[in-house]
Protein chains: 2
Amino acid sequence: MTRLARPGGSPPTPRSVDVARLAGVSQKTVSRVLNDEPYVSADVRRRVLDAAEELGYRRNQAARALASGRTRSIGVVTLGSALYGPASWLIGIERAVRKLGYTLRVATTIEGDPGGIASALASLLDQGVDGVVISEPIDEGVGLISVDVPVLVLGAPPTFTAPQVVTARVGAGRLARAATEHLLELGHATVHHLAGPQRWYSARDRLAGWREALRAHGADEPPVVEGDWSAASGYAAGRELTGDGTVTAVFAANDDMAIGLIRAQLEAGRRVPEDISVVGFDDIPVAAYVTPPLTTVRQPFDAVARQGLALLVQVIEKPDVELPPAADQPVELIVRASTAPPPPRPIPGRGRRATPHAHGGPHGQPAGNEVPSTQP
Amino acid sequence: MTRLARPGGSPPTPRSVDVARLAGVSQKTVSRVLNDEPYVSADVRRRVLDAAEELGYRRNQAARALASGRTRSIGVVTLGSALYGPASWLIGIERAVRKLGYTLRVATTIEGDPGGIASALASLLDQGVDGVVISEPIDEGVGLISVDVPVLVLGAPPTFTAPQVVTARVGAGRLARAATEHLLELGHATVHHLAGPQRWYSARDRLAGWREALRAHGADEPPVVEGDWSAASGYAAGRELTGDGTVTAVFAANDDMAIGLIRAQLEAGRRVPEDISVVGFDDIPVAAYVTPPLTTVRQPFDAVARQGLALLVQVIEKPDVELPPAADQPVELIVRASTAPPPPRPIPGRGRRATPHAHGGPHGQPAGNEVPSTQP
DNA sequence: TTGAAAGCGCTAACAA
DNA sequence: TTGTTAGCGCTTTCAA
């Protein structure tokens, strides 16, 4: 078993019996003290703690798990990519898990790997985790496999239910709405949306928030262009959109795509924000330093993780208690230099649509264009 | 214990005795088969496997760990930030760990948290991990605590040794050297370095590689400016450097700082790459889409993680076998548009230094400047 | 090639 | 308030 080093001749790692012997109590009493169980006199508690300290005693987790049927660990299924969102979730989750007295086990899955979520889940369940977090729910996987421990799904819409599934709202919809409204309030007639892959719940949330904002303001709903979160896909979408001279504002579902999109605009000779405004999503570390500095919204990763895990742990420890409704997190819109009022008169576009209320499918129609094609 | 769901009335999870009974063998034989031990007849093996399959049997890891003294898990101490490097390491490590038949436990530490590494390590050791990975070694912590399981340190220089410590070379030095040489070969008289925090081994590696390149080319070694990896620190450094009209090329220790630095140049009215060339480090996802697209080097996270963990697992499983030397990974320099030959004649600078061979301390001297101060 | 018995170091149930 | 007695479900002797 692993311990902090016993230097040199390594006397055998102490067991709880050793502590008991030294403290002059029974082994069970040691267990009581260490588990903060009631009915231990202050005196005995002190003696046990001192003895444990003196011996450098640490409980054997494997034995605890075997005897109690609980590992006090939580598993997280996360995406095997360094995308800012998933990485930030993981950090927040680990912090929250540790604060709650649990430990974290991680299994990654790669997007597009069929059964990836299932096998990551299976690996975690094999390890005996007491609960599972699915940090970036994607269609496929979730729901295909059923699990007999509580599950926390971050960011899934509340319509997603199953036995023992708890959800923490990310509020991506509200953030998206705020981002869109920021543009509308600057005077843009409408706002285009460069969406994330719609298999991701978080991408759908953002799209829904965008749509709500448009409806609330009575603005036209232009067709949606779908990217894959990458700057490259944002660039490609940017070139599509540029052809349509009517586009004056775009809300991108993440900063990477926003940056790619801006790049495409600049190459096409359109200025940001003078000709076209762009809002991103995430506030990645470089967002403030790209050109132009990016207006974006920031997700409350830590707060949501903390909140979600508190729920999860409650379900694990007291399955019968009613759950309190999760509090919404405040919206943080960070206005920088990539947004401005629309240009005085929109560039006359041959792409102007006849139907004012075109409801976009997942893919926007590429409009004709003669954009210069500089590859970055 | 947690298992894939037993729907409905949940018959009790099967144990190895149940499998044994069904297969008509002893429980020990089941254990033999499942552990791929020798001396099992093909016939018996088949029967056991079938029985296990039929019952949906899965071994109880806690019991295995308790009986064997090994958890078949590896712990990683990682930085509690969404920095691209640490996040990428984590992904690569998880993948490698799983491929080797181990599972991953994670403990994060925040930079600047005194004893953070120590307590993260302690948490992992408490969990009984069979080995530990320190993914971004920072001074403090490492070496202060001693551990009785093998440790893999990624990216620490080979001078770092201790009992049971293995190292995988990241090759950051070679990458840094390549980045610097790229600039020198473009014709720059010398190359400035915007370093990472020197408490990080990876930052020191990069600095060393830069220095080597300069020496090999007989170039002056200007004072080093030290940042903290953030774009903000790159921006600040950029404003310092701009005052010095002699600077025509900068190698930044990561892309975020490079982007901040470029931003400062643009605000100061200097063009990149016409007036000043910048090379980054990491190839973050947006690097190709910022303006100008960033020349950078890419770290072989996955390959190094795979290699390092193979070593670690070998030490865990066969402590006595000699380790093979780790193979160096190929250098990947990605040339984009942020680098070019130096301007015909350097802008006459009042900051020109008298001593040609000034060896920089960790902080560069701020040169006087009258840079416009637009905050991003 | 297979099996029987004896723990691994705890927690749980019950007794005192 | 404390202690005693049984396991938890495997792996590890050792014997057959």
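Here the structure is a predicted model, which is why all the values come from computation and not from measurement.

1. Quick word on the overall build of chain A
What chain A contains, in helices and strands, is eleven helices and eleven strands. For chain A, with 376 residues in total, the buried portion stands at 56%. Residue pairs in contact within chain A that sit at least 24 positions apart in sequence constitute 72% of those at least 6 positions apart. Accessible surface for chain A amounts to roughly 15,400 Å². Of this, 54% is attributable to carbon and sulfur atoms.

2. Brief notes about the sheet that holds strand β1 (residues 73–79) of chain A
Spatial ordering of the open sheet is given by β5(A)-β4(A)-β3(A)-β1(A)-β2(A)-β2(B)-β1(B)-β3(B)-β4(B)-β5(B), a layout of ten strands whose pairing is mixed. Lying at the two open borders of the sheet, with one neighbouring strand each, are β5 (165–168) of chain A together with β5 (165–168) of chain B. Adjacent strand axes in the sheet meet at a mean angle of 25 degrees, parallel and antiparallel pairs treated alike. Bridge count for strand β3 (residues 131–134) of chain B against strand β4 (residues 151–154) of chain B is three bridges, and the pairing is parallel.

3. A look at helix α11 (residues 301–317) of chain B
Residues and elements named next belong to chain B. Between its first and last C-alpha atoms α11 spans 24 Å; for 17 residues at 1.5 Å apiece the expected length is 24 Å, and the two agree. With respect to burial, α11 is a largely interior element, twelve of its 17 residues being buried. Structurally, α11 contributes buried residues whose contacts are with β1 (73–79), α5 (84–99), β3, β4 and β5.

4. Some points on the protein's contact with DNA strand D
Around DNA strand D sit 23 residues in total, of which A:Thr29, B:Arg15, B:Ser16, B:Lys28 and B:Ser31 are the nearest. By atom count, sugar and phosphate contribute 59% of the portion of DNA strand D lying within 4 Å of the protein. Note that a phosphate oxygen of DNA strand D is positioned 2.7 Å from one of the backbone N or O atoms of A:Ser41. With respect to DNA strand D, the side chain of B:Tyr57 contributes an N or O atom lying 2.7 Å from a phosphate oxygen.

5. Regarding unusual backbone geometry
Each neighbour pair has its own omega, and for B:Val272 with B:Pro273 the value is 10 degrees, a cis peptide bond. At A:Tyr39, a position not held by glycine, the phi torsion is positive, near 60 degrees. Mapped onto the elements, A:Tyr39 comes out in the loop between α2 (27–34) and α3 (42–55). Given a relative accessible area of 81%, A:Tyr39 falls into the exposed group. A positive phi angle is found at B:Asp282, which is not glycine, with a value near 135 degrees. For B:Asp282, the location among the structural elements is in the loop between β9 (277–279) and β10 (296–298). We classify B:Asp282 as buried; its relative accessible area is 6%.

6. Remarks on the packing of aromatic side chains
Residues and elements named next belong to chain A. This structure, assessed with the given rule, holds ten aromatic pairs over all chains. Measuring from centroid to centroid gives 6.1 Å for Tyr-84 and Phe-301, while their planes differ by 80 degrees, and the two rings are edge-to-face. Placement of Tyr-84 in helix α5 (residues 84–99) and of Phe-301 in helix α11 (residues 301–317) is noted, with a sequence separation of 217 residues between them. What makes Tyr-84 partly exposed here is its relative accessible area of 22%. On the basis of relative accessibility, which here comes to 7%, the residue Phe-301 falls in the buried class.

7. A look at the protein's contact with DNA strand C
Looking at DNA strand C, there are 23 residues lining it, with A:Arg15, A:Ser16, A:Ser31, A:Tyr57 and B:Thr29 nearest. Counting only the atoms of DNA strand C that lie within 4 Å of the protein, the sugar and phosphate share comes to 61%. At 2.9 Å from a phosphate oxygen of DNA strand C is found a side-chain nitrogen or oxygen belonging to A:Arg64. When contributions to the surface near DNA strand C are tallied by element, the ones reaching two or more residues are α2 and α4 (61–68) of chain A together with α2 (27–34) and α4 (61–68) of chain B. Among the elements that take part in the surface near DNA strand C, α4(A) stands out by supplying four residues, more than any other. In terms of residue class, the surface near DNA strand C is made up of nine nonpolar, nine polar and five charged.

8. Some thoughts on the sheet that holds strand β8 (residues 249–252) of chain A
Residues and elements named next belong to chain A. Strands sit in the order β7-β6-β8-β9 across an open sheet of four strands; the sheet is parallel. A strand with exactly one partner marks an edge of an open sheet, and here the two such strands are β7 (225–226) and β9 (277–279). Both strand β6 (residues 192–195) and β8 contribute to a ladder of three bridges, which runs parallel. Note that in β8 the partner of His-193 across the bridge is Phe-251. Contacts from helix α7 (residues 172–185) reach β8 and β9 within the one sheet, and its direction differs from that of β8 by about 165 degrees.

9. Concerning the relation of the copies chain A and chain B
If you rotate chain A by 180 degrees and push it 0.0 Å along the axis, it lands on chain B with an RMSD of 0.1 Å. Within this description, the copies of the chain are treated as partners about a two-fold rotation axis. Same-surface contact between copies: 99% of interface residues of chain A are shared with the interface of chain B.

10. Observations regarding the UniProt feature "domain: HTH lacI-type" (unreviewed entry) in chain A
The feature "domain: HTH lacI-type" (unreviewed entry), as given by UniProt, occupies residues 14–68 of chain A in the numbering adopted here. Counting secondary structure, residues 14–68 of chain A comes out at 69% helix and 0% strand; the distance between its end C-alpha atoms is 21 Å.

11. Quick word on the interface of chain A and chain B
The partner chain B presents 68 residues to the 68 residues of chain A that form the contact. Roughly 5,400 Å² of surface becomes buried between chain A and chain B when both sides are summed, with 60% attributable to carbon and sulfur atoms. Across the chain A-chain B interface, the total number found is two salt bridges. B:Asp126 is paired through a salt bridge with A:Arg58; the nearest N and O atoms lie 2.7 Å apart. Counting across the interface, chain A meets chain B through 14 residue pairs in polar contact (both at pLDDT 80 or more). At eight residues, the largest contribution of residues to the side of chain A that touches chain B is made by α5(A). Class assignment for the residues of the side of chain A that touches chain B results in 38 nonpolar, 16 polar and 14 charged. Inspection of the sheet shows strand β2 (residues 103–109) of chain A paired to strand β2 (residues 103–109) of chain B by three bridges, in the antiparallel sense. Its bridge partner lying in β2(B), A:Leu104 is registered against B:Val106.

12. Here we look at the nonpolar core
In this structure, A:Ile93 and B:Ile93 are the most contacted members of the largest nonpolar core, which totals 86 residues. Beyond its immediate chain neighbours, meaning those up to four positions away, A:Ile93 contacts A:Val76, A:Leu104, A:Val133, A:Ser135, A:Leu154, A:Ala305 and A:Leu309. Judged by nonpolar contacts, the second largest core, of 62 residues, contains A:Ala237, A:Val250, A:Ala253 and B:Ile259.

13. Description of α2(A)
Residues and elements named next belong to chain A. Of the positions making up α2, those classed as buried are Thr-29, Val-30 and Val-33. The arc that holds every buried residue of α2, seen down its axis, measures 105 degrees, which confines them to one face. Buried residues belonging to α2 abut α1 (16–23) and α3.

14. Describing the confidence of the model for chain A
All names here are of chain A. When the pLDDT values of chain A are averaged, the result is 83; 85% of them are 70 or greater. Segment residues 1–9: pLDDT under 50, and 32 contacts once partners within four positions in sequence are set aside and those in other chains are kept. The low-confidence segment residues 349–376 (pLDDT under 50) makes 57 contacts with residues lying over four places distant or belonging to another chain.

15. Digging into the packing of helix α1 (residues 16–23) of chain B against helix α3 (residues 42–55) of chain B
All names here are of chain B. One can describe the packing of α1 onto α3 by two numbers: an axis separation of 8 Å at closest approach and a directional angle of 125 degrees. As summarised for this structure, α1 and α3 are arranged oblique, according to the angle between their axes. Of the two possible hands of crossing, α1 and α3 adopt the one that is right-handed. Facing α1, whose interface residues are Asp-18, Val-19, Leu-22 and Ala-23, α3 presents Arg-47, Val-48, Ala-51, Ala-52, Glu-54 and Leu-55. Broken down by class, the residue content of the contact of α1 with α3 amounts to seven nonpolar, no polar and three charged.

Criteria and thresholds
Throughout this document, residue positions are counted from 1 along each chain, in the order its sequence is written. Here chains are named by letter from A upward and ligands by number from 1 upward, in the order in which they appear as written. Given that this is a predicted model, residues contribute local features only at a pLDDT of at least 70 and side-chain atom pairs are listed and counted only at 80 or more, while totals for whole chains, interfaces and linings are drawn from all residues. Computation of side-chain values: all heavy atoms of the structure, hydrogens and water removed. Working definition: helices are DSSP H or I runs of at least four residues, strands are E runs of at least two. Numbering for both runs from the N terminus. Working definition: with a 1.4 Å probe on protein chains only, accessible area under 20% of the residue-type maximum means buried, over 50% means exposed, and in between means partly exposed. Contacts are assigned to residue pairs that have any heavy atoms within 4.5 Å of one another. Residue burial considers only the protein chains on display, and all accessible areas are found by Shrake-Rupley using a 1.4 Å probe. The rule for pairing is simple: two strands pair if DSSP sees at least two bridges between them. The axes used here are C-alpha line fits, helices contributing only the stretch in contact, and every angle between their N-to-C directions lies in the interval 0 to 180 degrees. Between the first and last residue of a helix there are one fewer steps than residues, each counted as 1.5 Å, and that sum is the expected span. Note on terminology: near, applied to a residue and a molecule or strand, indicates that one of the residue's heavy atoms is within 4 Å of it. Polar contacts here mean pairs of N or O atoms no more than 3.5 Å apart (in protein, one a potential hydrogen donor and the other a potential acceptor; neighbouring residues in sequence count only if both atoms are side-chain atoms). Pairing of aromatic side chains requires ring centres within 6.5 Å, counting the rings of Phe and Tyr and the six-membered ring of Trp. Pairs whose planes differ by under 30 degrees are stacked, by over 60 edge-to-face, and all others tilted. Under this grouping Gly is polar, as are all residues other than the nonpolar Ala, Val, Leu, Ile, Met, Phe, Trp, Tyr, Cys and Pro and the charged Asp, Glu, Lys and Arg. Superposing copies: least-squares fit, C-alpha atoms only, residues required to have pLDDT of at least 70 in both. UniProt positions are given in the numbering used here, feature names are shortened, and annotations may be inferred rather than shown by experiment. Defined here as a combined quantity, buried area equals the accessible surface (1.4 Å probe) lost by two parts on assembly, summed across both. The working definition used for a salt bridge is a side-chain nitrogen of Lys or Arg within 4 Å of a carboxyl oxygen of Asp or Glu. As used in this record, nonpolar core signifies buried Ala, Val, Leu, Ile, Met, Phe, Trp, Tyr and Cys residues forming a set joined through side-chain atoms within 4.5 Å. Along the arc lie the directions from the helix axis toward the C-beta atoms. Per-residue confidence from the prediction method is given by pLDDT, with values spanning 0 to 100. Reported orientations rely on four angle classes, namely roughly parallel under 35 degrees, roughly antiparallel over 145, roughly perpendicular from 65 to 115, and oblique for the rest. In this scheme the crossing of two helices becomes right-handed for a clockwise turn of the near helix relative to the far one and left-handed for an anticlockwise turn of less than a right angle.

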